[in-house]
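# A look at the structure
This is what each chain is made of:
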Amino acid sequence: MKDQQENKKFHYHIITFGCQMNKNDSERIESIFESMNMISTDKPEEADVILMNSCSIRESAEDRIYSFSHEFAKLKETKPNLIVAVTGCMPGRDKDGTLRKRLKGVDLFFPTKDVIMMPKWLSELNPELRPIDLELDYLSVKPHVKSKFQAFVTIQTGCNQFCTYCVVPYARGMEVNRPLKDILDEVKSLVNDGCLEITLLGQIVNHWLAKEDDKFSPNNPYTQNDFAKLLWELNQIEGLERIHWTAPHPIHMDDEVIDALTLPKQLNFIHLPVQSGSSKILKKMNRKHTRELYLEKIKKIREKKPDIAIGTDIIVGFCDETDEDFAETISLYQECDFDISYTAKYSTRSGTTADKAFADNITQDEKKKRWFELQHLMEDIVLRKNQLYLNKEVSVLVDTFKNGMCGGNSREMKRINFPGDKALIGKIVKVIITEAGHWILWGKVL
Ligand code: SAH
Ligand code: SF4
Ligand code: F3S
């Protein structure tokens, strides 16, 4: 007890880069710091330990870690006991230490799964920081959730797909799926604490595979796809209102997963990354799906759920992408009538097949031009689609309140603002849409 009280004076500061999976991992890391009786601070100059949870997806993401490390190295001149740690995807992929060499003043550099060792390493650097015992599997560390009513649930880490442009399989290793029971227990415990909405996370979330001894309910209607079975089980949890998941892969969107989109708790939104509209480029990306397969999946999804909102990820300017290839991306975008796209300019990543085997031969100007063209198309389409919500009712899970306005997402993952009360935070309310912009819709409570 005395030791724990002494630890009270220590502060930690976490900076998270990258995707939702990193955000969820940072919540686990926070739990570890909290179990060591440390206190969170949002001021790096106040911290005894600064931890950066890094992302490697694009060069710009890694550049930010380098520049932060130089900033913190300066801070160390006035705070010699400061410990700086880097985890996440950068250490995971840095097999030969090249990336670490570019950092300054970093004491600990370890891949995410090794975070269970962090308390021991911290105590070696500063014996006043008492270590704690953790289970061997970092995913069994309970995340320190900030919101009572929304939570991420990582059901899978790593990836076996090896898209030629992507660092994730190197950074995170091969696909590992969590057992059914662990997932259901985590979700039930969240729901017991008041959680209404969960987002299941995995790199190919719809390729989640059950363990041999995982037991599904005898009345589970699905027989082929484990992920569809999991969705059904989660739908049976009383008190849970909304289920969302990201990111599925088109090749695993089979009929059962598409059918599971009609389950009652499923949000009316799916994020289905396409990356390119050209089958030639998709092949070069090793995506394992064609333009035609993707379009067929979208058609089937819309047959089941005609009013579903759909999002995607697109990379522009991948190696050898001609004007004609890009025109195919534009036409696919129009045909799919997407609500949103996270569009990235291709950035070559050391260690990947594309970096080794193909020339990054589209100029930065051309990448920019293609990026803007897609961005404008996206804005035109989303505005037209959002106008269709006028005078319609949507269901909003309120997550913010500022200056008399409540904010939250509808089941279509549209951002909705409406005049309301702070007491509505964490509640699901029906709102009639009165005005629709590109990224915000406004309304009033019924
Ligand atoms: N597992 C998910 C994607 C994870 S990475 C999937 O397969 O869909 C998130 C997004 O980053 C990708 O969808 C892709 O659009 C983008 N991305 C990945 N590597 C990239 C690179 N080298 N350059 C630019 N964008 C990249
Ligand atoms: Fe990367 Fe492809 Fe795996 Fe997604 S599926 S994480 S893009 S390798
Ligand atoms: Fe996510 Fe970036 Fe890693 S997008 S999986 S944090 S490389």
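Because the structure is a prediction, the values reported are computed rather than measured.

## Some points on helix α9 (residues 226-235)
- Here α9 lies mainly inside the structure; ten of its ten residues are buried.
- Among all positions of α9, only Asp 226, Phe 227, Ala 228, Lys 229, Leu 230, Leu 231, Trp 232, Glu 233, Leu 234 and Asn 235 are buried.
- Contact partners of the buried residues in α9: α8 (180-192), β9 (197-201), β10 (242-246) and α10 (255-260).
- You can read the cap of α9 off the contacts: a side-chain oxygen lies 2.7 Å from the backbone nitrogen of Phe 227, and it is on Asn 225.

## Notes on the nonpolar core
- By size, the foremost hydrophobic cluster in this structure holds 55 residues, and its most contacted members are Ile 198, Leu 200, Phe 227, Leu 230 and Trp 245.
- No fewer than three residues from each of domain 2 (145-266) and domain 3 (268-387) sit in this core.
- Those residues in contact with Phe 227 that sit more than four places away from it in its chain are Ile 155, Leu 200, Val 205, Asn 206, Trp 208, Trp 245 and Val 257.
- Counting residues in hydrophobic clusters, the runner-up holds 21 residues, among them Ile 29, Met 38, Ile 83 and Tyr 138.

## Structural notes on the site of ligand 1
- Neighbouring ligand 1 are 15 residues; Gln 203, Pro 273, Gln 275, Asp 313 and Ser 347 lie closest to it.
- Tyr 165 places a polar main-chain atom, nitrogen or oxygen, 3.0 Å from a nitrogen atom of ligand 1.
- Contact between ligand 1 and Gln 203: a nitrogen atom at 2.8 Å from a main-chain N or O atom of the residue.
- Burial of ligand 1 by the protein chains amounts to 88% of its free accessible area of 540 Å².
- Only β12 (309-316) and β13 (340-345) provide two or more residues apiece to the shell around ligand 1.
- Of the residues that constitute the shell around ligand 1, the class distribution is seven nonpolar, three polar and five charged.

## A closer look at helix α3 (residues 59-78)
- With 20 residues, α3 ought to run about 28 Å at 1.5 Å a step, and its terminal C-alpha atoms sit 30 Å apart, in line with that.
- Among the residues making up α3, those that are buried are Ala 61, Glu 62, Ile 65, Tyr 66, Ser 69, Phe 72, Ala 73, Leu 75 and Lys 76.
- Buried positions along α3 lie against β1 (11-16), β3 (49-54), β4 (83-88), α4 (89-93) and α5 (98-101).

## Description of the domain arrangement of the protein
- Assigned domains within the protein: domain 1 (2-138), domain 2 (145-266), domain 3 (268-387) and domain 4 (393-445).
- In this structure, domain 2 and domain 4 have C-alpha centres spaced 27 Å apart.
- Contacts between the two partners involve ten residues from domain 2 and, on the opposite side, twelve residues from domain 4.
- At the boundary of domain 2 with domain 4, total buried surface from both sides reaches about 810 Å², with 57% on carbon and sulfur atoms.
- The largest contributions to the domain 2 side of the interface with domain 4 come from Phe 149, Leu 196 and Arg 242, which together make up 65% of the buried area.
- The tally of links between domain 2 and domain 4 comes to zero salt bridges.
- Here domain 2 and domain 4 share five residue pairs in polar contact (both at pLDDT 80 or more) between them.
- Looking at side-chain class alone, the side of domain 2 that touches domain 4 contains three nonpolar, three polar and four charged residues.

## Some thoughts on the environment of Ala 171
- Among the structural elements, Ala 171 can be located in helix α7 (residues 168-172).
- When the C-alpha atoms of Ala 171 and Gly 158 are compared, they prove to be 8.0 Å apart, with 13 residues separating the residues in sequence.

## Regarding unusual backbone geometry
- Note the cis peptide between Thr 246 and Ala 247, where omega equals 0°.
- Its identity is not glycine, yet Phe 162 carries a phi of approximately 50°, on the positive side.
- With respect to the helices and strands, the residue Phe 162 is situated in the loop between β7 (156-157) and α7.
- By relative accessible area, Phe 162 is classed as partly exposed at 28%.

## Here's the deal with the pairing of strand β14 (residues 393-402)
- With five bridges joining them, β14 and strand β17 (residues 428-436) adopt antiparallel strand pairing. Following the sheet pairing, Glu 393 is matched in β17 by Ile 432.
- Here β14 pairs with strand β15 (residues 405-410) via six bridges, running antiparallel. Note that in β15 the partner of Leu 397 across the bridge is Asn 409.

## Focus: the packing of aromatic side chains
- A full pass over the atoms with the stated rule returns 13 aromatic pairs.
- Between Phe 110 and Trp 121 the ring centres are 5.5 Å apart and the planes differ by 55°, which places this aromatic pair in the tilted class. Taken together, the residues span a long stretch of sequence, with Phe 110 in the loop between β5 (108-109) and α6 (118-125) and Trp 121 in helix α6 at a distance of eleven residues.
- On the basis of relative accessibility, which here comes to 2%, the residue Phe 110 falls in the buried class.
- Residue class for Trp 121 comes out partly exposed when judged on its relative accessible area of 23%.
- Arranged with centres 6.2 Å apart and planes meeting at 55°, the rings of Tyr 294 and Phe 338 form a pair that is tilted. Taken together, the positions of Tyr 294 in helix α12 (residues 291-304) and Phe 338 in the loop between α13 (323-336) and β13 put the pair 44 residues apart, joining distant regions of the chain.
- Under the relative-accessibility criterion, Tyr 294 is labelled buried at 0%.

## Let's talk about the sheet that holds β4
- One open sheet holds the five strands; their spatial order is β2-β1-β3-β4-β5, and the pairing between them is parallel. Strands at the two margins of the open sheet, each flanked by one partner only, are β2 (39-40) and β5.
- Against the sheet, α3 engages β1, β3 and β4, with an angle of about 175° to β3.

Cut-offs and rules
Residues numbered from 1 in each chain as written. Chains lettered and ligands numbered in written order. Predicted model: local features only at pLDDT ≥ 70, side-chain atom pairs only at ≥ 80, totals over all residues. Heavy atoms only, no water. Buried < 20%, exposed > 50% of the residue type's maximum accessible area, 1.4 Å probe, protein only. Helix = DSSP H or I, 4+ residues; strand = E, 2+ residues; numbered from the N terminus. Contact = heavy atoms within 4.5 Å. Polar contact = N/O pair within 3.5 Å; in protein donor to acceptor, adjacent residues only side chain to side chain. Core = buried A, V, L, I, M, F, W, Y, C linked by side-chain atoms within 4.5 Å. Domains from an automatic or database assignment. Near = heavy atom within 4 Å. Areas by Shrake-Rupley, 256 points an atom, 1.4 Å probe, with all protein chains shown as cover. Nonpolar A, V, L, I, M, F, W, Y, C, P; charged D, E, K, R; others polar. Expected span 1.5 Å × (residues − 1). Buried area = accessible area lost by both parts, 1.4 Å probe. Salt bridge = Lys/Arg side-chain N within 4 Å of Asp/Glu carboxyl O. Pairing = 2+ DSSP bridges. Phe/Tyr/Trp six-rings, centres within 6.5 Å; stacked < 30°, edge-to-face > 60°. Axes fitted to C-alpha atoms, helices over the stretch in contact; angles between N-to-C directions.

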